[in-house]
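Single-letter residue listing:
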Amino acid sequence: MKEKNIMSNTLLSHPASASPREASSPMGGVRGGLKITGAEALMRALKAENVRTIFGYPGGAIMPVYDALYDYTRGEKKTFHHVLVRHEQGATHAAEGFARVSGEVGVCIVTSGPGATNTLTGIADAMMDSTPIVVIAGQVGVAALGTDAFQEVDLVGVAQPISKWSYQIRRAEDIAWAVSRAFYIARSGRPGPVVLDFAKNAQSEMVEFEPVHIDFVRGYLAYPMLDPVAVRKAADLINNAEKPLALIGQGVELGNAYNELVEFLEKADIPAARTLLGLSALPSNHPLNMGMLGMHGNYAPNIKEQECDVLIAIGMRFSDRVIGNINTYAKQAKIIHLDIDPSEIDKNVKTDVAVIADCKVSLPAITRYLVKNVHRAWRDSFIPLYQEEYEKVIKPAIHPESGPLLMGEIVNAVAEATKGDAILVTDVGQNQMFSCRYFKFNHKRSLASSGGLGTMGYGLPAAIGATFGAEGRMVCMFTGDGGLQMSIQEFGTIMEHKAPVKIILMNNNYLGNVRQWQDMFFNKRKAFTRMLNPDYSKICAGYGIPYSFVADRDKLQDEINKMLSTEGAYLLECAVLEDDNILPMTAPGDSVNEMQLVLNTK
């Protein structure tokens, strides 16, 4: 068997075969019932994992699987809805968007060679952002491996460093075991992507199939045992704190610990700030919510990170975009870090108390020992900082008096119209920062954005996936002209599958984020960041997507209302100020409390 990597939290070993405690072994196969093809066995294994939606693109080395899938999308066998994307990278991002809003494992199926390598960006993106997806790729037959056969690529080797587990299925009798193991690894512990490389001979071989259920993998501790001593130490620090501050990450979403988080914060009266991926883990209007952390986050929580006496990080990894200059970050504070993945402890920021467990377990354990507290003076100290940011940054961004449309006012107008009930999907760049700053969240699992990898082109396919993962909820996707053109072929997926994505294109004719950095750090030398845009009205007409254009502030609200009231997909193109800048900003190398409210150029 060819198996590499379970890059995951608390991995103790790299097993070459299954544990005796696993329900089945790759060395032994499974038995029971009439013989079926390996491709049919895959369908039954996916059905056993309660898969309902598959994103994919067929090709030569995966054709037996697609032939079997044909029967499972119609008639008496109908089990799956297959969404034909227009590019394999789009399949992975769609699977990510589906997973982020549904809490389920996203699935995509592609062919070998370029089909498989096209998924690598999405796999890396899912690894960085802890998104559970399973990528199933075709591969040449075992007899042709190593011969440089047509469309042969060592996918297992290539995917090893960017996945939790990468495995090659060489025999049909290993399918049930491999699929069950893949889904268990993808969804358990700190979630992430798993890659199954499916040799063509295994797709066609006959096998006696029986479903397998795996809930244990040797050397892989998905859910660490909670340390009661660490729990008491954390509670004692919080109880004695005068200026506690909680940093809320996506781990709260992944652990479904929303209620536990609110109870924890409210009992000890702890102001909280959210990372970009943790934005919908706490309602926007919660009185203890102090805003967004990070390079373009809110002013008050970034300043207060340098003033708090106890800092509680919950399900976040102290990204460089959050902590700024690591040498000056929160040196005055005692650091408590709650995380399911021990590899994150002390990786970037030295921790005083580490509580290693699922936050759905660790949060209530700590809350039990907390003393009911009130930190009114500490909470009130955030107010003047917010007011300063509001006057210098927020008010001019969302309520400009004149001039071209601004990205902030567009996001704010959509947020007000959707009343915090919509799902936000973003592309990457200024559009991402503006939309994350000014959108509103009332519900959990309401954000899909590429955080760690920062993948332009992510937004459109992820939004398509989100419409299947949260049917009935409105999906608003904000994008810039650069990111949209990286995945614009997925308009075809919208057209074919009627995905009701509301696309808000904020068009500034620039790669805006790079242009801002060029203005700030490269003497305003705008090297190859201005873009010539196509006529989006004609492109939308070709795909049958309703379209409108707005450049006049007086017409913005009417066009937004028209978009939101139109059934199905819609593209609203907004002509925005070309040199609009995202502020505040902590410049690279600066401390978080050196955040700029006014753009400084060098």
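Remember, predicted model here, so these are calculated numbers, not experimental data.

Caption draft 1: The packing of aromatic side chains, seen in detail. Enumeration over the complete set of coordinates arrives at 15 aromatic pairs. Each member of the aromatic cluster is reached from another via a ring pair, and the members are F55, F98 and F468. Between the NZ or CZ atom of R232 and the centre of the ring of Y369, over which it lies, the distance is 4.2 Å. For the cation-ring pair, K304 lies above F382, with the distance from its terminal atom to the ring centre recorded as 5.7 Å.

Caption draft 2: Spotlight on the sheet that holds strand β15 (residues 353-356). Spatially, β12-β11-β10-β13-β14-β15 is the arrangement adopted by the six strands of the open sheet, whose pairing is parallel. Strands with a single pairing partner mark the edges of an open sheet, and in this sheet they are β12 (289-292) and β15. In this sheet, adjacent strand axes meet at a mean angle of 20° when their direction is disregarded. In the sheet, strand β14 (residues 334-339) pairs with β15 via four bridges, with the strands oriented parallel. Residue pairing for β15: I336 is matched across the bridge by V353.

Caption draft 3: Up close: unusual backbone geometry. P584 follows L583 through a cis peptide bond whose omega is 0°. One can find P584 in the segment after β21 (570-575). One non-glycine residue with positive phi stands out, namely N50, at about 65°. For N50, the location among the structural elements is in the loop between α1 (38-48) and β3 (53-56). By relative accessible area, N50 is classed as exposed at 52%. Notably, D346 is not glycine yet its phi reads approximately 65°, a positive angle. Inspection of the secondary structure assignment puts D346 in the loop between β14 and β15.

Caption draft 4: Layout of helix α5 (residues 120-128). Residues of α5 that are buried: L120, G122, I123, A124, D125 and A126. As for α5, its buried residues are in contact with α3 (88-102), α4 (114-117), β6 (133-139), α6 (155-159) and β8 (193-199). A positive phi of about 55° marks S130, the residue just after α5.

Caption draft 5: Quick look at the environment of K47. One can find K47 in helix α1. Judged by its relative accessible area of 43%, K47 falls in the partly exposed class. Between the C-alpha atoms of K47 and F80, which are 33 residues apart in sequence, the distance is 8.2 Å. Non-local contacts of K47, meaning those with residues more than four positions away in its chain, are made with R52, T79 and F80.

Caption draft 6: Structural detail: helix α16 (residues 383-398). Compared with the 22 Å implied by 1.5 Å per residue over 16 residues, the 19 Å span of α16 between its first and last C-alpha is markedly short. Remark: the principal bend of α16, roughly 50°, maps to Y390. Among all positions of α16, only L385, E389, V393, I394, A397 and I398 are buried. As for α16, its buried residues are in contact with α12 (299-304), α17 (407-418) and α18 (430-438).

Caption draft 7: Geometry of the pairing of β6. β6 sits mainly inside the fold: seven of its seven residues count as buried. Residues I133, V135, A137 and Q139 of β6 are buried on one face, and the alternating residues V134, I136 and G138, pointing to the opposite face, are buried as well. Inspection of the sheet shows strand β5 (residues 106-110) paired to β6 by five bridges, in the parallel sense. Bridged to V107 within β6 is V134. Bridge analysis of β6 against β8 gives seven bridges, and the strand direction is parallel. Paired with V135 across the bridge in β8 is V195.

Caption draft 8: Up close: the packing of α1 against helix α7 (residues 175-187). Relative orientation of the contacting elements α1 and α7 amounts to 35°, with a least axis distance of 9 Å. Regarding α1 and α7, the two cross each other, and that crossing is right-handed. Contacts between α1 and α7 involve G38, A41, L42, A45 and L46 from the former and I175, V179 and F183 from the latter. Of the residues in the contact of α1 with α7, the class split is seven nonpolar, one polar and no charged.

Caption draft 9: Representation of the environment of E567 within the structure. With respect to the secondary-structure elements, E567 resides in the loop between α24 (553-565) and β21. Between the C-alpha atom of E567 and that of A463, which follows or precedes it by 104 residues, the distance is 16 Å.

Caption draft 10: Region of the structure containing the pattern of salt bridges. With the rule as written, the count across this model stands at 20 salt bridges. R171 is paired through a salt bridge with D174; the nearest N and O atoms lie 3.0 Å apart. For D174, a relative accessible area of 0% puts it in the buried group. For R379, the salt bridge identified is with D269, shortest N-O distance 2.9 Å. With R379 in helix α15 (residues 376-380) and D269 in the loop between α11 (258-268) and β11 (272-274), this pair connects stretches of sequence that are 110 residues apart. Looking at R379, the relative accessible area reads 18%, which means it is buried.

Reading the values: the criteria
Residues numbered from 1 in each chain as written. Predicted model: local features only at pLDDT ≥ 70, side-chain atom pairs only at ≥ 80, totals over all residues. Heavy atoms only, no water. Phe/Tyr/Trp six-rings, centres within 6.5 Å; stacked < 30°, edge-to-face > 60°. Lys NZ or Arg CZ within 6 Å of the ring centre and 35° of its normal. Pairing = 2+ DSSP bridges. Helix = DSSP H or I, 4+ residues; strand = E, 2+ residues; numbered from the N terminus. Axes fitted to C-alpha atoms, helices over the stretch in contact; angles between N-to-C directions. Buried < 20%, exposed > 50% of the residue type's maximum accessible area, 1.4 Å probe, protein only. Contact = heavy atoms within 4.5 Å. Expected span 1.5 Å × (residues − 1). Bend = angle between axes of the 7 residues up to and from the residue. Left-handed = near helix turned anticlockwise from the far one by under 90°. Nonpolar A, V, L, I, M, F, W, Y, C, P; charged D, E, K, R; others polar. Salt bridge = Lys/Arg side-chain N within 4 Å of Asp/Glu carboxyl O.

By themselves these figures say nothing about function.
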